[in-house]
Amino acid sequence: MSQDDTTKRILVTGGAGFIGSHTAVALTEAGYTPVIVDDLRNSRPDVLAGIERILGKSVEFHAVDCSDEAAMKVVFDRPVLGAIHFAADKAVGESVTSPEKYFSNNIGATSKLTHMLRMAGVQHLVFSSSCTVYGEAVALPVGESAPIQPAASPYGFTKQACETLLGYSHAAAEGQLGIALLRYFNPIGAHPSAEIGELPIGTPANLVPFLTQSVAGLRPELTVFGSDYPTADGTCVRDYLHVCDLAEAHVAALQWLEQNNGAMEAFNLGTGTGSSVKEVISAFEAATGRPVPHRFGARRSGDVTAIYADASKAANLLGWKTKRSLEQSLGDAWRWQEKLAP
Ligand code: NAD
Ligand code: WQD
């Protein structure tokens, strides 16, 4: 590692969260120095200990709101090369009942943070967007030029609004701020060490944490939402990618920004393959040898039938592809669940 590598400080907002914690590990392994800002509203302080056990060294951490300009001064006291902005609220259902919270934290904080980055002369920004911006896809797989549909939830709207805001910020910065918008498909799994993973608070809304909690006996069974969709086996299709693959995509995006100063692009991040809910259950059983208690129930309101990524732009420009299989992702998710609730 060169001297320069050790000084490549990267602000990671939401770095104690699910995707941010894995990305902090991947950044360090790639020679960057993550600076984690997370006020722990949806994570726990022991995530930091997990990151540090994996890395065998300490990581700079500030337990503050990333939109609090006064509290953020400490971060910008020393040069910051780039930022990865994960911090947001992400529960689709909650966004319907508390839209103001989502507009305030997801759009408001992104706006304030982007202003701080520009004032501090930070050159690169990687933003956590979502495949939710595409809504019900008109053609599969979904490429980045697919139409952005009217948002199905306040949460989805905040991602679309942030993408628009960042387009204006990019123009205003006149080449001084490069931006990568990363549209994640369905991140699952955990670090293979089981030191860090997803920490759903309350009843999980997402498939994989609900599935692993059902297998662990914390829930009676998984309800498969709908078995009458026009798909091969009647259940919904999604593109599930391992969170460590996703973390590595952030490193690739930063490296691409370093090589393409002032650029702005959106990238789909997925495996490129759709898997049905039934296929996820079978893959979990194959990976772990444990049966998944489940039943088939009604469709969940707001679910799209099928969506999976055309991730060829990320492959061509970032040199990034997923490496881990669905079975590996589910096996790692299970090891993490076992550690959480043995
Ligand atoms: P997460 O809730 O695990 O992590 C987000 C972290 O941000 C949490 O640790 C929380 O405490 C922190 N945070 C929130 N607001 C903050 C603020 N104002 N200041 C400081 N810290 C704050 O979520 P995640 O799954 O890791 O998601 C990360 C990002 O990726 C989010 O922007 C989310 O919308 C986006 N995303 C997630 C998924 C998914 O399925 N997990 C899919 C697409 C996009
Ligand atoms: C996956 C599949 C469900 C739970 C959500 C957000 C999206 C993005 C990723 C942030 C669907 C089925 C689920 C259960 C089930 N997040 N399912 N039983 O809905 O694709 O996307 O997370 O940007 O914005 O909407 O993910 O994990 O909730 O569902 O059958 O108990 O599993 O119907 O087909 P989804 P999910």
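From a predicted model like this one, the values you see are computed outputs, not experimental measurements. (Residues numbered from 1 in each chain as written. Chains lettered and ligands numbered in written order. Predicted model: local features only at pLDDT ≥ 70, side-chain atom pairs only at ≥ 80, totals over all residues. Heavy atoms only, no water.)

Trainee: Can you walk me through the packing of helix H9 (residues 277-288) against helix H11 (residues 326-340) in this structure?
Mentor: A pair of packed helices can be characterised by two numbers: the angle between their axes and the separation between those axes. Running from N to C, H9 and H11 cross one another at 70°; their axes reach a closest spacing of 8 Å. What the angle tells us is that H9 and H11 run roughly perpendicular. Viewed along their axes, H9 and H11 form a crossing whose handedness is right-handed. Across the interface between the two elements, Glu 279, Val 280, Ala 283, Phe 284, Ala 287 and Thr 288 from H9 touch Leu 326, Glu 327, Leu 330, Gly 331 and Trp 334 from H11. (Axes fitted to C-alpha atoms, helices over the stretch in contact; angles between N-to-C directions. Helix = DSSP H or I, 4+ residues; strand = E, 2+ residues; numbered from the N terminus. Parallel < 35°, antiparallel > 145°, perpendicular 65-115°, else oblique. Left-handed = near helix turned anticlockwise from the far one by under 90°. Contact = heavy atoms within 4.5 Å.)

Trainee: How should I be thinking about the sheet that holds strand S6 (residues 178-184) in this particular structure?
Mentor: The strands making up a sheet associate through hydrogen bonds between their backbones, and the pairing can be parallel or antiparallel. In spatial order, the strands read S3-S2-S1-S4-S5-S6-S11; together these seven strands make up an open sheet with parallel pairing. With partners counted over all chains shown, the strands left at the sheet margins are strand S3 (60-62) and strand S11 (264-269), one partner each. Here the average twist between neighbouring strands, direction ignored, is 20°. When S6 meets S11, the two strands line up parallel, connected through six bridges. Counterpart to Leu 181 in the pairing with S11 is Ala 266. (Pairing = 2+ DSSP bridges.)

Trainee: Even after reading the chapter, I still don't get the nonpolar core, so can you show me in this structure?
Mentor: In this structure, Ile 10, Leu 27, Val 126, Leu 182, Phe 267, Leu 269 and Trp 320 are the most contacted members of the largest nonpolar core, which totals 31 residues. Elements with a contribution of two residues or more to this core: strand S1 (9-13), helix H1 (18-29), S6, helix H8 (243-259), S11 and helix H10 (312-318). Take this core: its biggest share by element is ten residues, from H8. When sequence neighbours within four positions are dropped, the list of residues in contact with Val 126 reads Ala 83, Ile 84, His 85, Ala 180, Leu 182, His 250, Ala 253, Leu 254 and Leu 257. Counting 25 residues, the second-largest nonpolar core is a separate cluster that includes Val 37, Ile 107, Leu 125 and Ala 173. (Core = buried A, V, L, I, M, F, W, Y, C linked by side-chain atoms within 4.5 Å. Buried < 20%, exposed > 50% of the residue type's maximum accessible area, 1.4 Å probe, protein only.)

Trainee: How should the site of ligand 1 be read in this particular structure?
Mentor: As a matter of local geometry, ligand 1 sits amid 26 residues, with Asp 38, Asn 42, Ser 43, Lys 90 and Tyr 155 nearest to it. Take Tyr 155: an N or O atom from its side chain is 2.6 Å from an oxygen atom of ligand 1. Measuring from an oxygen atom of ligand 1, one finds a side-chain N or O atom of Lys 159 at 2.9 Å. Put simply, the parts of the chain that give the shell around ligand 1 at least two residues each are H1, strand S5 (124-130) and helix H6 (154-173). (Near = heavy atom within 4 Å. Polar contact = N/O pair within 3.5 Å; in protein donor to acceptor, adjacent residues only side chain to side chain.)

Trainee: What should I look at first to understand the site of ligand 2 in this one?
Mentor: Around ligand 2 sit 19 residues in total, of which Ser 130, Tyr 155, Thr 223, Arg 238 and Asp 303 are the nearest. Residue Ser 130 places a side-chain N or O atom 2.7 Å away from an oxygen atom belonging to ligand 2. Within the contact set of ligand 2, an oxygen atom lies 3.4 Å away from a backbone nitrogen or oxygen of Ala 205. With the chains in place, 87% of the 680 Å² that ligand 2 exposes on its own is no longer accessible. Of all the secondary structure elements, the ones that give two or more residues to the shell around ligand 2 are helix H7 (207-215) and strand S8 (222-225). Broken down by element, the residue count for the shell around ligand 2 peaks at four residues, all from S8. (Areas by Shrake-Rupley, 256 points an atom, 1.4 Å probe, with all protein chains shown as cover.)

Trainee: Would you explain the pattern of salt bridges in this entry?
Mentor: Between side chains of opposite charge, a pair can form when the charged atoms approach closely. Applying the stated rule across the entire model yields 20 salt bridges. Arg 295 serves as the salt-bridge partner of Glu 221, at 3.4 Å between the closest nitrogen and oxygen. You can see Glu 221 sitting in the loop between H7 and S8 and its partner Arg 295 sitting in strand S13 (residues 294-297), a full 74 residues away along the chain. The partly exposed category is assigned to Arg 295, whose relative accessible area is 40%. (Salt bridge = Lys/Arg side-chain N within 4 Å of Asp/Glu carboxyl O.)

Trainee: Explain the side chain of Ser 67 here, please?
Mentor: On the secondary structure map, Ser 67 appears in the loop between S3 and helix H3 (69-76). On the basis of relative accessibility, which here comes to 18%, the residue Ser 67 falls in the buried class. For Ser 67, the side chain forms a polar contact with the side chain of Asp 65, separated by 2.8 Å. Residues in contact with Ser 67, not counting those within four places in the same chain, are Ala 109, Lys 112 and Met 116.

Trainee: Explain H11 to me, please; I cannot follow it from the model alone.
Mentor: The α-helix advances 3.6 residues per turn, and as a result positions three or four apart in sequence lie on the same side. In this model H11 runs 21 Å from its N-terminal to its C-terminal C-alpha over 15 residues, within 8% of the 21 Å that 1.5 Å per residue would give. All of the buried residues along H11 are Leu 326, Ser 329, Leu 330, Gly 331, Asp 332, Ala 333, Trp 334, Trp 336 and Gln 337. On its buried face, H11 sits against strand S7 (186-188), H7, strand S10 (240-242), strand S12 (275-276) and H9. (Expected span 1.5 Å × (residues − 1).)

Trainee: I would appreciate a short explanation of the packing of aromatic side chains in the present structure.
Mentor: Each pair of aromatic rings is reported with the distance of its centres and the angle of its planes. Summed over the entire model, instances satisfying the criterion amount to three aromatic pairs. Considering the side-chain rings of Trp 256 and Phe 267, the 5.3 Å spacing of their centres and the 85° angle between planes classify their relative orientation as edge-to-face. Taken together, the residues span a long stretch of sequence, with Trp 256 in helix H8 and Phe 267 in strand S11 at a distance of eleven residues. Each member of the pair Trp 256 and Phe 267 is classed as buried. A ring pair is formed by Phe 284 and Trp 334, whose centres lie 5.8 Å apart and whose planes are at 85°; its orientation type is edge-to-face. Of the two residues, Phe 284 sits in helix H9 while Trp 334 sits in helix H11, which places them 50 residues apart along the sequence. Taken as a pair, Phe 284 and Trp 334 share a single burial class, namely buried. When the ring centre of Tyr 229 is taken as origin, the NZ or CZ atom of Arg 299, which lies over that ring, is 4.0 Å away. In this structure, Lys 313 is placed above the aromatic ring of Phe 267, and the distance from its NZ or CZ to the ring centre is 5.2 Å. (Phe/Tyr/Trp six-rings, centres within 6.5 Å; stacked < 30°, edge-to-face > 60°. Lys NZ or Arg CZ within 6 Å of the ring centre and 35° of its normal.)

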